[in-house]
Amino acid sequence: MAPKAQVTAASKRTATPPPKKKEVVPTPRPPEAAAKPAATKAVAPSEEKAPNLKGEWGNIALLCLLYTLQGIPLGLGQVFPLLLKDRGASYTDLGIFSLQSWPFVLKLFWAPLVDSVYIRQMGRRKTWMVPSQIVIGILMLYTASQLDVLLGDSTTTRPSTRTLTGLFLAINFLCATQDIAVDGWALTMLRKENCNYQATCNAAGQTFGYALGFTGFTALEHFKLLSLSGFMSSMGLLFLVVTAIVAILKKEKPLPPEEEPEGIRDAYMQMLRMTGLRPIQLLFVMLFTWKVPFAVCESVAPVKFQEYGIPKEHITYVTSLLMPMYIMIPIVAARWTGGARPLQLAFSVYPLRLATGPLTAILAFYTPASVSPIPWIFYTLLVFVIAAAATTSELMFVSQMAFFAHVSDPALGGTYMTLLNTMGNLGGRWPPTAAFFLVDVLSCESESCWMKMDGFYTVTFLCTIIGLIWLVCTRKMIEDLQSRKLQEWKVAHTA
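Residues numbered from 1 in each chain as written. Predicted model: local features only at pLDDT ≥ 70, side-chain atom pairs only at ≥ 80, totals over all residues. Heavy atoms only, no water.

What follows concerns the nonpolar core. The biggest cluster of nonpolar side chains holds 83 residues, and the ones touching the most others in it are Phe80, Met140, Leu228, Met232 and Phe305. When residues of this core are assigned to their parent elements, the largest contribution, 14 residues, is made by helix 2 (residues 57–86). One finds Leu108, Ala333, Phe404 and Met477 within the second-largest nonpolar core, a separate group that totals 39 residues. (Core = buried A, V, L, I, M, F, W, Y, C linked by side-chain atoms within 4.5 Å. Buried < 20%, exposed > 50% of the residue type's maximum accessible area, 1.4 Å probe, protein only. Helix = DSSP H or I, 4+ residues; strand = E, 2+ residues; numbered from the N terminus.)

Right under this line is the structure:
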């Protein structure tokens, strides 16, 4: 139920590896997105310049706009589970729909292709960005025209969950491709001394886009200003208009011969050699398992509260209140993530985040039968638990990103960070998908059941036990990861 599932489901995140001798503050990302590659190369201290945005504000605005477009489908992807549940979808159906965000997890597999193949006359990044955004706009217009059929109603027809999943899967595949292209374009669009602002544009743009797609639509619908089909049609047209303007008016800088991308085979071989490093293997085990205990809290809980009578508009309003906190937390957390042991912060807040799971289940159990008049005590406790989950989740993310930046091999540029971020995103996406399926499997509420039980509480209990076991069993692994020398993280070390 933590907003990470909605705000950060979540889950697409970005981090740009810092140049040598210079630390950067990680910036927040919305949930359902995946973190991004960053190909900044280390430069000699004598070549470093202080950031100077004079003449860059147009580029900053364009990047924020492109990242905003990217966030809109992510926000809409979190609205649909609430709509589907209203129309009788099962938790298994919601588990199927959650697969729509997986392209951001898997984009590592086609990122080298996007980086290496392009039409010179069109530009290295626009070759992929322009077609991707055009098709996204067309798909959103088509989906909007078919919504009445696809969503069905709660009495006569069931939602076409698989068709909706396929449409959003295609949209997010194209968004992930646009994501790769825009990330790379940002590093050449901005002057070298300003490249770190790519992450800031990414955070601000995606957060605003996500809020527009999730909270913005819900508010417009609540006040009967715009229907879902009207909103999606408007966003589809926005994609097409922005793409046309950028394609015609914004030119890419010519690519110098010495910066021509390496071959596709070489890029994939680099990633294969990285996976053979022992520290990378240990880190993958940690990242693949550490978010399992939070799966129910982040994904199933919002739908469960809606099932118990809490309006979806109230859930989105609470989420919106926490947006400013996502911006401030990385700045505050920077003092604890410097140095050689940035993961220590994540390990310190892990117990508190684990506690938000059972607290969420207790709140769900005592959900009032009616929200008229508004149960202020209940909502106060709900905001407190959501804020605790969101804060600890964001602190863990900042800690994770700081560790990635600390151990990444500068000689391999963005490829190294892409691999680490993909590992982190995979660990954040499979537990919610599994949780939706398990809640249905472990639920039995019919008269034929020898013991009635709600799978939501069963899975919450199991996740809490898994979290306690994880804390005990991985303490030495985390100490080992943080105590290894940087040389052990380099591919050259295996030679």
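Back to the write-up after that little detour.
What follows concerns the UniProt feature "transmembrane region" (unreviewed entry) in the protein chain. Using the residue numbers shown here, the UniProt feature "transmembrane region" (unreviewed entry) corresponds to residues 128–147, 167–187, 226–249, 280–303, 315–333, 345–367, 373–391 and 455–473. Helix makes up 100% of residues 455–473 and strand 0%, and the two end C-alpha atoms of the span are 27 Å apart. (UniProt positions renumbered as here; feature names shortened; annotations may be inferred.)

Moving on: the confidence of the model for the protein chain. This prediction gives the protein chain a mean pLDDT of 80; 81% of its residues lie at or above 70. Across the protein chain, helix 6 (residues 126–145) holds the top mean pLDDT of 95, while helix 1 (residues 3–8) sits lowest at 38. Within the model, pLDDT remains below 50 along residues 1–47, and this stretch shows 202 contacts once partners closer than five positions in the same chain are excluded. (pLDDT = per-residue confidence, 0-100. Contact = heavy atoms within 4.5 Å.)

Here helix 11 (residues 264–275) is twelve residues long and its end C-alpha atoms lie 17 Å apart, about the 16 Å a rise of 1.5 Å per residue gives. Residues of helix 11 that are buried include every one of Ala267, Gln270, Met271 and Met274, and no others. Taken down its axis, helix 11 places every buried residue within 95° of arc, on the same side. Opposite the packed face of helix 11, turned more than 90 degrees from it, sit the exposed residues Arg265 and Leu272. (Expected span 1.5 Å × (residues − 1). Arc of directions from axis to C-beta.)

Within the secondary structure layout, Asp454 lies in the loop between helix 18 (414–441) and helix 19 (455–473). Here the side chain of Asp454 touches Lys304 through a polar contact of 3.0 Å, side chain to side chain. (Polar contact = N/O pair within 3.5 Å; in protein donor to acceptor, adjacent residues only side chain to side chain.)

A few words now on the packing of helix 13 (residues 295–307) against helix 19. As a packed pair, helix 13 and helix 19 sit with axes 11 Å apart at the nearest point and diverge in direction by 160°. Taken together, helix 13 and helix 19 sit at an angle that is classed as roughly antiparallel. Two packed elements cross with a definite hand, and for helix 13 against helix 19 that hand is left-handed. Residues Val296, Val300, Ala301 and Lys304 of helix 13 touch helix 19, and the partners they reach there are Phe456, Val459, Thr460 and Cys463. Class assignment of the residues belonging to the contact of helix 13 with helix 19 gives a composition of six nonpolar, one polar and one charged. (Axes fitted to C-alpha atoms, helices over the stretch in contact; angles between N-to-C directions. Parallel < 35°, antiparallel > 145°, perpendicular 65-115°, else oblique. Left-handed = near helix turned anticlockwise from the far one by under 90°. Nonpolar A, V, L, I, M, F, W, Y, C, P; charged D, E, K, R; others polar.)

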